[in-house]
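# Inside the fold
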Amino acid sequence: MAIERNIDNKGNLEVQRLMSSFAGQGVSPDFFYLTGYEGIFVEANREQVCECVISSVVSLGSDLLLVVDSSSFDAWESLCYGLGINVTLLDANRVSILDIKSILAEDSEISHIMTVGVTDRDLLLQIGLASKEYKRSFVVETIADDHIRMADLESMNVDYLLQAASDSSDMSLVIARRNKLVQTEGNARRPSQDIYAMWQNSVAFRSSSLQPMYL
């Protein structure tokens, strides 16, 4: 599966459109990067953008803890196996924060916790706090209509928010914490699934009149 990396002005317009939900929160799409996060347009559906981010952010020798509906365990295990990533799967409908903390305490190889399709805000908050406590990165996948707000990214300690368009089109947005994003350079298992390269391509089209970025 190849994901388009050449993000042009059309792609930047899509980024702005998908980030428009933040406009009412005092965050202008043009100056979104000043929040410490970056918005990256990815021409991919939900599964593809998840694979792209997993491929890019989980470094060699690190493992993934994935909270997802148990009906898709086999598919996610196969996806991670194809990327050469060891994955621990937890059922989103049965998991408790104590389960997650126990696993994190015992397995130091897990570098990222990822939730897919989890809409329980209290659970997301608890997982975010656990990820901060155990110094792991937190990745949240959701559809755009779930309305995770800018303040939620900080309170939930979200490092990567993956939002697919709600109309089932091959269009997604990755909102990434910049100081985590810069650490992904060279991580991607496949050149076509390199979120760092996509970010750099999008930065190339950023207006030169905007203020400089800070890590």
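Everything below is about the structure printed above this text.
Notes on the structure follow. (Residues numbered from 1 in each chain as written. Predicted model: local features only at pLDDT ≥ 70, side-chain atom pairs only at ≥ 80, totals over all residues. Heavy atoms only, no water.)

In this section: the overall build of the protein. Per the secondary structure count, the protein includes 8 helices and 7 strands. Each of the 215 residues in the protein was classed as buried or not, and the buried ones make up 49%. Here the analysis covers contacts within the protein between residues at least 6 apart in sequence; of these, 67% occur between residues at least 24 apart. About 10100 Å² of surface is accessible on the protein, with carbon and sulfur atoms providing 47% of the total. (Helix = DSSP H or I, 4+ residues; strand = E, 2+ residues; numbered from the N terminus. Buried < 20%, exposed > 50% of the residue type's maximum accessible area, 1.4 Å probe, protein only. Contact = heavy atoms within 4.5 Å. Areas by Shrake-Rupley, 256 points an atom, 1.4 Å probe, with all protein chains shown as cover.)

To continue, consider the pattern of salt bridges. Throughout the structure, instances matching the rule amount to 8 salt bridges. The partner of Asp 91 in a salt bridge is Arg 94, with the nearest N and O atoms 3.8 Å apart. Note on Asp 91: relative accessible area 15%, which makes it buried. Classification of Arg 94 as exposed rests on a relative accessible area of 71%. Where Glu 154 meets Arg 177, a salt bridge forms, and the shortest distance between an N and an O atom there is 3.5 Å. Separated by 23 residues along the polypeptide, Glu 154 in helix H6 (residues 150–155) and Arg 177 in strand E7 (residues 172–177) bring together distant segments of the chain. (Salt bridge = Lys/Arg side-chain N within 4 Å of Asp/Glu carboxyl O.)

As a further point, take the side chain of Ser 131. Position of Ser 131 among the secondary structure elements: in helix H5 (residues 121–133). Under the relative-accessibility criterion, Ser 131 is labelled buried at 0%. A distance of 2.6 Å separates a polar side-chain atom of Ser 131 from the backbone oxygen of Gly 128. If we ignore the near neighbours within four places in the chain, the residues touching Ser 131 are Ile 113, Arg 136, Phe 138 and Asn 157. (Polar contact = N/O pair within 3.5 Å; in protein donor to acceptor, adjacent residues only side chain to side chain.)

Take helix H8 (residues 195–204) next. Because each turn of an α-helix spans 3.6 residues, side chains separated by three or four positions end up pointing in the same direction. Listed as buried for H8 are Ile 195, Tyr 196, Ala 197, Met 198, Trp 199 and Ser 202. Capping the start of H8 is the job of one residue whose side-chain oxygen sits 3.1 Å from the backbone nitrogen of Tyr 196: Asp 194.

Burial analysis of strand E3 (residues 87–91) places 4 of its 5 residues in the buried class, the great majority of the element. Where strand E2 (residues 63–68) meets E3, 5 bridges bridge the pair, whose relative direction is parallel. Paired with Leu 65 across the two strands is Thr 88, which belongs to E3. Taken together, E2, helix H3 (residues 73–83) and E3 form a β-α-β motif whose crossover is right-handed. (Pairing = 2+ DSSP bridges. Right-handed = clockwise from strand over helix to strand, strands pointing away.)

Take the nonpolar core next. Across soluble globular proteins, you tend to see nonpolar side chains buried next to one another. Counting 32 residues, the largest nonpolar core has Ile 54, Trp 76, Met 114, Leu 162 and Val 174 as the members making the most contacts within it. With 6 residues, helix H2 (residues 46–57) is the single largest residue contributor to this core. The contacts of Trp 76, once residues within four sequence positions are left out, are Cys 50, Ile 54, Leu 66, Val 68, Leu 89 and Val 116. Counting residues in hydrophobic clusters, the runner-up holds 27 residues, among them Val 95, Ile 97, Leu 123 and Ile 148. (Core = buried A, V, L, I, M, F, W, Y, C linked by side-chain atoms within 4.5 Å.)

Purely geometric stuff here, so don't read any function into it on its own.
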